[in-house]
Amino acid sequence: MELWNEKLTRENISDFYQSTVEMVYTSVFDIAKETTRAEQAIVKAYIDTYQQRGTLKGEDVIYTFGDILLKNANEIVEKYPLPENVSFAPRTLDEYTRNFMLEKII
């Protein structure tokens, strides 16, 4: 996979999302351990990155996004801790969730 190296715009935010969300979902779910928390952190990271688009060079978008994503995932885990005796099965990104999150971002 090639790293994203374009300036983020209204016209390409969907392309950025589609090219990164599969990897992003798996990584954030590993941190958040629960789908709702993972999805909230992911959607917020895309929106936060998009809001900074005016100050980001194309080659910096993916790195800024990664920093924001990790910060959001860790914050949501702290804010909404799970009971220690609860476990969740690993999950992959399905088409419904992919489309639902993109709709919230757009």
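I will try to describe carefully the structure that is included in this document. (Residues numbered from 1 in each chain as written. Predicted model: local features only at pLDDT ≥ 70, side-chain atom pairs only at ≥ 80, totals over all residues. Heavy atoms only, no water.)

Considering the overall build of the protein chain
Stage number 1. Summing up its helical and strand segments, the protein chain has 4 helices and 0 strands in all.
Stage number 2. For the protein chain, the C-alpha radius of gyration of 14 Å lies close to 13 Å, the compact-globule estimate for 106 residues.
Stage number 3. Dimensions along the principal axes, computed over C-alpha positions, put the protein chain at roughly 45 × 25 × 25 Å.
Stage number 4. Per-residue burial for the protein chain yields a buried fraction of 41% across its 106 residues.
Stage number 5. For the protein chain, the accessible area works out to roughly 6,700 Å², and carbon and sulfur atoms hold 53% of it. (Helix = DSSP H or I, 4+ residues; strand = E, 2+ residues; numbered from the N terminus. Rg over C-alpha atoms; globule rule 2.2 N^0.38 Å. Buried < 20%, exposed > 50% of the residue type's maximum accessible area, 1.4 Å probe, protein only. Areas by Shrake-Rupley, 256 points an atom, 1.4 Å probe, with all protein chains shown as cover.)

Quick notes on the packing of aromatic side chains
Stage number 1. Summed over all chains, the structure comprises 7 aromatic pairs.
Stage number 2. Consider the rings of Tyr25 and Phe29, whose centres lie 6.2 Å apart with planes at 15 degrees: the pair is stacked. Of this pair, Tyr25 and Phe29 both sit in helix α1 (residues 13–32), 4 residues apart, which is roughly one turn of the helix. Grouping residues by exposure puts Tyr25 and Phe29 together as buried.
Stage number 3. Between Tyr46 and Phe65, the aromatic rings sit 4.4 Å apart at their centres with planes inclined by 40 degrees, giving tilted as the arrangement. Within this pair, whereas Tyr46 is found in helix α2 (residues 35–51), its partner Phe65 is found in helix α3 (residues 61–79), the two being separated by 19 residues in sequence. For the pair shown, Tyr46 and Phe65 are each scored as buried.
Stage number 4. In this structure an aromatic cluster arises from ring pairing among Trp4, Phe16, Tyr17, Tyr46 and Phe65.
Stage number 5. Above the face of the Tyr50 ring, Arg53 is positioned so that its terminal group lies 4.0 Å from the ring centre. (Phe/Tyr/Trp six-rings, centres within 6.5 Å; stacked < 30°, edge-to-face > 60°. Lys NZ or Arg CZ within 6 Å of the ring centre and 35° of its normal.)

Notes on the pattern of salt bridges
Note that side chains of opposite charge can pair when their charged atoms are close.
Stage number 1. All told, the structure shown has 5 salt bridges when counted by the stated rule.
Stage number 2. The salt bridge partner of Arg98 is Glu22, with a shortest N-O separation of 2.4 Å. Taken together, the residues span a long stretch of sequence, with Arg98 in helix α4 (residues 95–105) and Glu22 in helix α1 at a distance of 76 residues.
Stage number 3. We classify Arg98 as buried; its relative accessible area is 13%.
Stage number 4. Linking Arg91 and Asp94 is a salt bridge whose minimum nitrogen-to-oxygen distance equals 2.6 Å. (Salt bridge = Lys/Arg side-chain N within 4 Å of Asp/Glu carboxyl O.)

A few points about the nonpolar core
Side chains that are nonpolar tend, in soluble globular proteins, to be buried together.
Stage number 1. Ranked by internal contacts, the top residues of the largest apolar core, which has 30 residues, are Phe16, Val28, Ile42, Tyr46 and Met101.
Stage number 2. Contributing elements (two or more residues each) for this core: α1, α2, α3 and α4.
Stage number 3. Among the elements that take part in this core, α1 stands out by supplying 9 residues, more than any other. (Core = buried A, V, L, I, M, F, W, Y, C linked by side-chain atoms within 4.5 Å.)

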